[in-house]
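Survey of secondary and tertiary structure
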Amino acid sequence: MENEKLYIVMPAYNEEATIADVVRDWYPVVQNLGADSRIVVADSGSNDRTHSILLDLQKEYPQIEILSDTGKFHGPKVIALYRYAIEQNAEWIFQTDSDGQTVPSEFSSFWDMRQKYDIVCGKRAKRGDGLIRALVEKVVCILLRAYFKVKVPDANAPFRLMKTDTVKKYLEKLSPEYNLPNIMLTTFFVYYKEKILFLPITFRPRQGGKNSIDLVKIVKIGCNALKDFAVFKKNMNDTHGEKPWGT
């Protein structure tokens, strides 16, 4: 690995059972890239020991940073993490989650593709988090094809390496409180023909803790997403697929 500035970003919420192992497993990636690379964890709203564990990890691992003022929910945390990486002039952003479902050893194959592609996203052929979530993902991909005429194998996988300049181009189109940033960013990348590749990844069951999103919340988020998709579609159609609106 060359000395390029990479920010690995993770949202966290009540992950005391997994956060220490996840950070330790991912830490060698940034350590091998040099002193400018970071693991950044957004922990805001946790009511367990997640934050205190992160503070202890910082003493041992100096390339860890903590964002604690990002709001409680997953989507706004992801957006805040991307904004922070942009502000810190990271060259590359890699987003994953802090629940231990992804495998750090699979990162190198993504990193190896960065000279050819600006975005390398994971696709989950098999999922360890249940049939309901797998079904939701399939429905999302069908809706994206219907609304935006984009075909993606996995819109929301939390295993994505992205060139920071490309993320910056589209992130400003999302409000800081938007719930589904990765889905819309994937849509933008494909719709505007960015250099994107999807690679298969392992996706394990949660390694501890409880999922904060249940079926009722999924349905509510989905209803709101349909309204948002209509707005995004109108704005994207106004540009005739040539470039992001407002640029």
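Residues numbered from 1 in each chain as written. Predicted model: local features only at pLDDT ≥ 70, side-chain atom pairs only at ≥ 80, totals over all residues. Heavy atoms only, no water.

The name recorded for the protein chain in an unreviewed UniProt entry is Glycosyltransferase family 2 protein, from Candidatus Allofournierella pullicola.

Considerations on the overall build of the protein chain
In plain terms, the rule: By definition, any uninterrupted DSSP run of H or I lasting at least four residues is a helix, any uninterrupted run of E lasting at least two residues is a strand, and each is numbered from the N terminus. Burial classes: relative accessible area under 20% of the type maximum marks a residue as buried, over 50% as exposed, and values in between as partly exposed (1.4 Å probe, protein chains only). Whether two residues are in contact is decided by their heavy atoms: any pair within 4.5 Å suffices. Areas reported here follow the Shrake-Rupley algorithm with a probe of radius 1.4 Å; residue values treat only the protein chains shown as occluding.
The helix and strand inventory of the protein chain stands at eight helices and seven strands. In the protein chain, which comprises 247 residues, the proportion classed as buried is 52%. Here the contacts in the protein chain between residues at least 6 apart in sequence split such that 81% fall between residues at least 24 apart. Here the protein chain displays about 12,000 Å² of accessible surface, and carbon together with sulfur accounts for 52% of that area.

As for the packing of aromatic side chains
Describing an aromatic ring pair means giving the distance of the ring centres and the angle of the ring planes. Our working rule: Note on aromatic contacts: the rings of Phe and Tyr and the six-membered ring of Trp form a pair at centre separations within 6.5 Å, being stacked when their planes are under 30 degrees apart, edge-to-face when over 60 apart, and tilted otherwise. Both a distance and an angle decide whether a charge sits over a ring: NZ of Lys or CZ of Arg must be within 6 Å of the ring centre and within 35 degrees of the ring normal.
Counting across every chain of the model gives 20 aromatic pairs. Connected via pairs of aromatic rings, a cluster forms that spans W26, W92, F94, F107, F110, W111 and F159. Here the basic side chain of R124 rests over the ring of F203, its NZ or CZ set 4.8 Å away from the ring centre.

Regarding the pattern of salt bridges
Defined as follows: Salt bridge, as used here: a side-chain nitrogen of Lys or Arg that lies within 4 Å of a carboxyl oxygen of Asp or Glu.
Scanning the model with the defined rule gives eight salt bridges in all. Salt bridges sharing common partners tie together R124, E137 and D154.

Thoughts on the packing of helix α6 (residues 164-171) against helix α7 (residues 181-191)
Basically, it comes down to this: Between the N-to-C directions of two axes lies an angle of 0 to 180 degrees, each axis being a line fitted to C-alpha atoms and, for a helix, fitted only over the stretch in contact. Angle categories are assigned with fixed cut-offs, so that under 35 degrees is roughly parallel, over 145 is roughly antiparallel, 65 to 115 is roughly perpendicular, and the rest are oblique. Residues are sorted three ways: Asp, Glu, Lys and Arg are charged, Ala, Val, Leu, Ile, Met, Phe, Trp, Tyr, Cys and Pro are nonpolar, and all the rest, Gly among them, are polar.
In the contact formed by α6 and α7, the axes pass within 10 Å of each other and the chain directions differ by 105 degrees. It follows from the interaxial angle that α6 and α7 lie roughly perpendicular. Across from T166, V167, Y170 and L171 in α6, the residues of α7 making contact are L185, F188 and F189. When its residues are assigned to classes, the contact of α6 with α7 shows six nonpolar, one polar and no charged.

Section: helix α5 (residues 131-148)
The cut-off we apply is this: For a helix, the expected span equals 1.5 Å multiplied by the number of residues minus one. Think of it as the arc spanned by the lines of direction from the helix axis to the C-beta atoms.
Helix length check: α5, at 18 residues, gives a terminal C-alpha distance of 26 Å against a target of 26 Å (1.5 Å per residue), a fit within 8%. Within α5, burial applies to E137, V140, C141, L144 and F148. Down the axis of α5, the sector holding all buried residues measures 95 degrees, keeping them to one side. With respect to the buried face of α5, the exposed residues turned more than 90 degrees away are L131, L135, K138 and I142. Immediately downstream of α5, the backbone of K149 shows phi near 60 degrees, a positive value.

A look at the nonpolar core
Applicable threshold: What makes a nonpolar core is a set of buried Ala, Val, Leu, Ile, Met, Phe, Trp, Tyr and Cys residues whose side-chain atoms join them at distances within 4.5 Å.
Of all hydrophobic cores here, the largest spans 43 residues; its most connected members are Y82, L144, L174 and F188. If you tally residues by element for this core, the top one is helix α3 (residues 74-87), at seven residues. One finds L6, Y27, L199 and I201 within the second-largest nonpolar core, a separate group that totals 33 residues.

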